[in-house]
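Spelled out, the chains give:
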Amino acid sequence: MERISAAHALTPNGWEQNVTIAIEGGRIASVERMEASPARFVDLRLHAPVNLHSHAFQRAMSALAEARETEIGESFWTWRRTLYHFLDKLVPNQVEAIAALAFMEMLEAGYGAVVEFHYLHHGLGGAPYDDPAEMAAHIVAAAQAAGIGLTLLPVLYMHGGCDYRPLSGVQQRFGNNMESFARLHDASRRHIRHAYPDYAIGVAPHSLRAVDPGSLNDVTTLASKDEKIHIHLAEQEAEIRETLAHLGARPVEWLLQHQDIGPRWCCVHCTQMTAQETQALAASGAVAGLCPITEANLGDGIFNAVEFAAAGGRFGIGSDSNVHITLFEELCLLEYSQRLRDHSRAALAQAGRSTGRVLYETALAGGAQAAARDSGSISPGAVADLVALTSDNEWLCGRVGDPALDSLIFSGRGRNCVRDVWSAGRHVVKEGRHVARDRIVGNFIRVMQTLSQDFPL
């Protein structure tokens, strides 16, 4: 049993002082109050949230699509051309090295676990591997190398659009029919079963553009009742037009009409919702998976967070394209986007809870729900995903309680603040540095040097 202590900890009872947390078997065994604070107590202790939406391999193409290629301007769709060119080169060992770096950076940023939305399944040219979950096995290996908690989501990707056009080019590396996807999912489950005990699996129909209605029914039936279902939804204006033309409704509207949307679901992005859709999705109990940095990078739009939260909606935070992996800046940008749109301040604050605390606690609960991970609070029985913060720096300067969280998110944005991180009791970040940083970074650099021969890095 390991015992870790803090002068201040955010628990389900609010901020508590002089707390000792016992960890056993990867879970929190007890949370106890001490009479006095030993001199070497860490200043602040928080539960580490789940990164609920990641495409880890995209970390290697970070910032490689920032040039203008056309006179009419860049968009998600021109960015995707760069992505596809990049994907035409990757092999399994390279994906593992890239994913390990992304997972390491997530831990150093204060995340305790990740939900990997994994759609790169086949070899170059779309040739299947002997093990249909070959690529998934390398994602699992990367997560274990970094020591991060993992919920793996094999992605069903069938069509090139709502008109059911066949996949072409590099998209063939994503593609499966229901029969081959069932084999992929079963093989992925076997790899998860032989990994860390806190690892889990779910399913991810990629989007309404990539999965037809009948197959959407099939894939939700394929998932066992304890597996989560994630889907990209209402991210782009072009997606809205396409679903209106072919399905007769907007994406959120259509999904709510045709699926039993509830707590099992995580709808990712939802940056293109009407007020009515916002209210209805909030009432469903599904988690909205928000990725503010990627959504800003791709020009997706602004999620209706104020209205969604007021209606009781649940949300979590993800790093998506991994263009910049930083937990606290994701939360800051989410809040700032609401202020810019509405000309307001403290948009998501509540009576008795500051903006930073609302953001953090909501992301904790939403991420745990979306990952099917028994985490989200410093309480006995919870998975021991913990982050230790030091306030002896220029950003926090000894602040505690809600002002510390506000300073962490809006001032320091996590810089020089994350000291230690545990994932299911695995002590993977010590003194602000991942325990395997040198090896993981070295592997990543070697992969990037190889890729640079074929890609304009």
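Residues numbered from 1 in each chain as written. Predicted model: local features only at pLDDT ≥ 70, side-chain atom pairs only at ≥ 80, totals over all residues. Heavy atoms only, no water.

*Asks:* Got a sec to walk through the pattern of salt bridges? Specific residues and values, please.
*Replies:* This model, assessed by the stated rule, comprises 24 salt bridges. With a closest N to O distance of 2.6 Å, Arg437 and Glu108 form a salt bridge. On the criterion of sequence distance, the pair formed by Arg437 in helix H14 (residues 437–451) and Glu108 in helix H2 (residues 92–109) is long-range, its members being 329 residues apart. For Arg437, a relative accessible area of 23% corresponds to the partly exposed category. (Salt bridge = Lys/Arg side-chain N within 4 Å of Asp/Glu carboxyl O. Helix = DSSP H or I, 4+ residues; strand = E, 2+ residues; numbered from the N terminus. Buried < 20%, exposed > 50% of the residue type's maximum accessible area, 1.4 Å probe, protein only.)

*Asks:* Quick one: what's the story with the sheet that holds strand S12 (residues 287–290), residue by residue and with numbers?
*Replies:* Taken in spatial order, the four strands line up as S10-S11-S12-S13 in an open sheet, and their pairing is parallel. Among the strands making up the open sheet, the edge pair consists of strand S10 (229–233) and strand S13 (314–317). On average, adjacent strands in this sheet sit at an angle of 30° to one another, irrespective of strand direction. Pairing of S10 with strand S11 (residues 265–269) involves five bridges; the strand directions are parallel. Of the residues in S11, the one forming a bridge with His232 is Val268. Packed on one face of the sheet, helix H12 (residues 355–371) meets S10, S11, S12 and S13 and runs near 90° to S13. (Pairing = 2+ DSSP bridges. Axes fitted to C-alpha atoms, helices over the stretch in contact; angles between N-to-C directions. Contact = heavy atoms within 4.5 Å.)

*Asks:* Can you tell me about the environment of Val91, naming the residues and giving the values?
*Replies:* Structurally, the position occupied by Val91 is in the loop between helix H1 (76–87) and H2. Here Val91 falls in the partly exposed class, since its relative accessible area comes to 32%. Along the backbone, Val91 and His122 are 31 residues apart, and their C-alpha atoms lie at a distance of 9.3 Å.

*Asks:* Run through helix H6 (residues 237–247), naming residues and quoting values.
*Replies:* Listing the buried residues of H6 in full gives Glu239, Ile240, Glu242 and Thr243. All buried residues of H6 fall inside an arc of 170° around its axis, so they share one side. H6 presents Glu237, Arg241 and Ala245 as exposed residues on the side facing more than 90 degrees away from its buried surface. Those residues of H6 that are buried are in contact with S10 and helix H7 (251–258). Downstream of H6 by a residue or two, Gly248 has a phi angle that is positive, lying close to 80°. (Arc of directions from axis to C-beta.)

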